[in-house]
Amino acid sequence: MRKLFVAGNWKMNLNYIEAVTLADDLKEQLASSDDLAKVDVAICPPFVYLAQLGQVIKGSGIGLGAQDVYFEKNGAFTGEISVAMLKDVGCSYVIIGHSERRHVIGETDELIHQKLLAVLGGGLKVIFCIGELLEERESNLTEEVLERQIRSGLAGVTAEQMSRVTVAYEPVWAIGTGKTATGDQAQEAHKFSRSIIADMFGVELAQQVRIQYGGSVKPDNAAELMARPDVDGALVGGASLKLEAFLGIVEAGASLG
Ligand code: 13P
């Protein structure tokens, strides 16, 4: 049985005071519930708040994640952040291949692959995002796109490293649009993704890999999505910026867990 995993991707939002307050409130609320026994929870704030928020949530059971990383160990890479730096400030997760990095910033499958290997090689956990554009779905290319992203992203990953990978299926047309995939659409994409992972790593290992759904997850649709057999949690954008909404999603997971 896979434990559900709900992570908040704060993207480029909140100021310093808002970030500290949100993390502190979240820690306090989760401390007074038994949700963390049933659901793994992580927050992924902007880089500049990581060190401080690492202190705020220390000992709370809430995981800390970064939204990106660079694959080189150190050197003349102006503006970039290394895996070791993220470890240094208390991160245990790194989001890799988010659609905004793929489609807004222009990251390629190859760059994403290098980043993913660097994170796993450095001992951290990866939240590896995949997902199709609207025009790809409308052209019946969803499975082709997911398969390409999975095979290129996870090439060369060892079985031990796979135990530190969470996949996040985020259909690009559902991100920030208020348009959520239906439970059936999510289940279909997750099941297909798991079958590709099984082909690469074997059925037993594929059964242990958690696949989150992301794209306009809210407290009122979270349970319907996470109740599907291959949906193992959520990667939450907008709703993770509001304490009540994020807690509502965590609680929806806990009620299923
Ligand atoms: P929204 O929840 O705002 O649609 O964002 C989803 C997402 O991209 C999480 O990584």
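Our structure's up above, just so we're on the same page.
If you're wondering where the values come from, they're calculated on a predicted model, not measured in any experiment.

Check the secondary structure of the protein chain and you find 13 helices and 8 strands. Taken against the 2.2 N^0.38 rule, which gives 18 Å for 257 residues, the C-alpha radius of gyration of the protein chain at 17 Å falls within 12% of a compact globule. Oriented by its inertia axes, the alpha-carbon framework of the protein chain measures out at about 45 × 45 × 35 Å. Out of the 257 residues belonging to the protein chain, those deemed buried represent 54%. Pairs at least 24 apart in sequence give 73% of the contacts found in the protein chain among residues at least 6 apart. Here the protein chain displays about 11300 Å² of accessible surface, and carbon together with sulfur accounts for 52% of that area. Computed over 23 positive and 34 negative side-chain charges, the inter-centroid distance for the protein chain is 3 Å.

What follows is about the environment of His 103. With respect to the helices, strands and loops of the structure, His 103 is situated in helix 5 (residues 99-105). Residue classification places His 103 among the partly exposed residues on the basis of a relative accessible area of 40%. When sequence neighbours within four positions are dropped, the list of residues in contact with His 103 reads Leu 133 and Val 172.

Here we come to the site of the ligand. Asn 9, Lys 11, His 98, Glu 170, Ala 174, Ile 175, Gly 176, Gly 215, Ser 216, Leu 235, Gly 237 and Gly 238 make up every residue found near the ligand. Contacts to the ligand include Gly 176, whose backbone N or O atom sits 2.6 Å from an oxygen atom. Within the backbone of Gly 238, an N or O atom sits 2.8 Å from an oxygen atom of the ligand. Considering the ligand on its own, with 310 Å² of exposed area, one finds that the protein chains cover 96% of that surface. Across the shell around the ligand, the residue classes tally to 3 nonpolar, 7 polar and 2 charged.

With that settled, consider the nonpolar core. Ranked by internal contacts, the top residues of the largest apolar core, which has 74 residues, are Ile 43, Leu 154 and Ile 197. The leading source of residues in this core is helix 13 (residues 243-256), at 8 residues. Beyond its immediate sequence surroundings of up to four residues, Ile 43 is in contact with Gly 8, Trp 10, Ala 23, Leu 26, Leu 53, Ile 57, Ile 62, Gly 63, Leu 64, Gly 65 and Phe 246. Listed in part, the 10 residues of the second largest apolar core include Phe 5, Ala 7, Ile 127 and Leu 235.

Let us now look at the packing of helix 8 (residues 142-153) against helix 10 (residues 183-201). Closest axis-to-axis distance for the helix 8/helix 10 pair is 10 Å, and the angle between their directions is 40°. For the element pair helix 8 / helix 10, the angle class is oblique. Crossing geometry of helix 8 relative to helix 10 is assigned as right-handed. Within the contact between the two elements, helix 8 uses Glu 143, Leu 146, Glu 147, Ile 150 and Arg 151 and helix 10 uses Ala 189, Phe 192, Ser 193, Ile 196, Ile 197, Asp 199 and Met 200. By residue class, the composition of the contact of helix 8 with helix 10 is 7 nonpolar, 1 polar and 4 charged.

At Leu 14, a position not held by glycine, the phi torsion is positive, near 75°. Its place among the elements puts Leu 14 in the loop between strand 1 (4-9) and helix 1 (16-31). Located in the positive-phi region is Ser 216, a residue other than glycine, with phi close to 55°. Turning to its location among the elements, Ser 216 is positioned in the loop between strand 7 (210-214) and helix 12 (219-226). Here Ser 216 falls in the buried class, since its relative accessible area comes to 10%.

Before going further, it helps to examine the side chain of Ser 60. As for its placement among the helices and strands, Ser 60 is situated in the loop between helix 3 (47-56) and strand 3 (63-66). Filtering out sequence-adjacent residues up to four positions away, Ser 60 remains in contact with Lys 27 and Leu 36.

This part is about the packing of aromatic side chains. Applying the stated rule across the entire model yields 5 aromatic pairs. Note on Tyr 70 and Phe 71: the rings are 4.7 Å apart at their centroids and 40° apart in plane angle, and the pair reads as tilted. According to the relative accessible area criterion, Tyr 70 is buried, its value standing at 18%. Seen from their ring centres, Tyr 70 and Phe 77 are 5.3 Å apart, and the 45° between their planes marks the pair as tilted.

Within a sheet, adjacent strands bond to each other through the backbone by hydrogen bonds, running parallel or antiparallel. What the 8 strands build is a closed barrel, ordered 1-2-3-4-5-6-7-8; its pairing is parallel. The sheet shows a mean angle of 25° between the axes of neighbouring strands, taken without regard to direction.

Per the counting criterion, the structure on display carries 20 salt bridges. Where Arg 102 meets Asp 109, a salt bridge forms, and the shortest distance between an N and an O atom there is 3.0 Å. Taking the shortest distance from any N to any O, the salt bridge between Arg 164 and Glu 160 comes out at 3.0 Å. Here the salt bridges share partners, and the residues they tie into one network are Arg 2, Arg 194, Asp 230 and Asp 232.

What counts, and at which threshold
- Residues numbered from 1 in each chain as written.
- Predicted model: local features only at pLDDT ≥ 70, side-chain atom pairs only at ≥ 80, totals over all residues.
- Heavy atoms only, no water.
- Helix = DSSP H or I, 4+ residues; strand = E, 2+ residues; numbered from the N terminus.
- Rg over C-alpha atoms; globule rule 2.2 N^0.38 Å.
- Buried < 20%, exposed > 50% of the residue type's maximum accessible area, 1.4 Å probe, protein only.
- Contact = heavy atoms within 4.5 Å.
- Areas by Shrake-Rupley, 256 points an atom, 1.4 Å probe, with all protein chains shown as cover.
- Lys, Arg positive; Asp, Glu negative; His and termini not counted.
- Charge placed at Lys NZ, Arg CZ, Asp CG, Glu CD.
- Near = heavy atom within 4 Å.
- Polar contact = N/O pair within 3.5 Å; in protein donor to acceptor, adjacent residues only side chain to side chain.
- Nonpolar A, V, L, I, M, F, W, Y, C, P; charged D, E, K, R; others polar.
- Core = buried A, V, L, I, M, F, W, Y, C linked by side-chain atoms within 4.5 Å.
- Axes fitted to C-alpha atoms, helices over the stretch in contact; angles between N-to-C directions.
- Parallel < 35°, antiparallel > 145°, perpendicular 65-115°, else oblique.
- Left-handed = near helix turned anticlockwise from the far one by under 90°.
- Phe/Tyr/Trp six-rings, centres within 6.5 Å; stacked < 30°, edge-to-face > 60°.
- Pairing = 2+ DSSP bridges.
- Salt bridge = Lys/Arg side-chain N within 4 Å of Asp/Glu carboxyl O.

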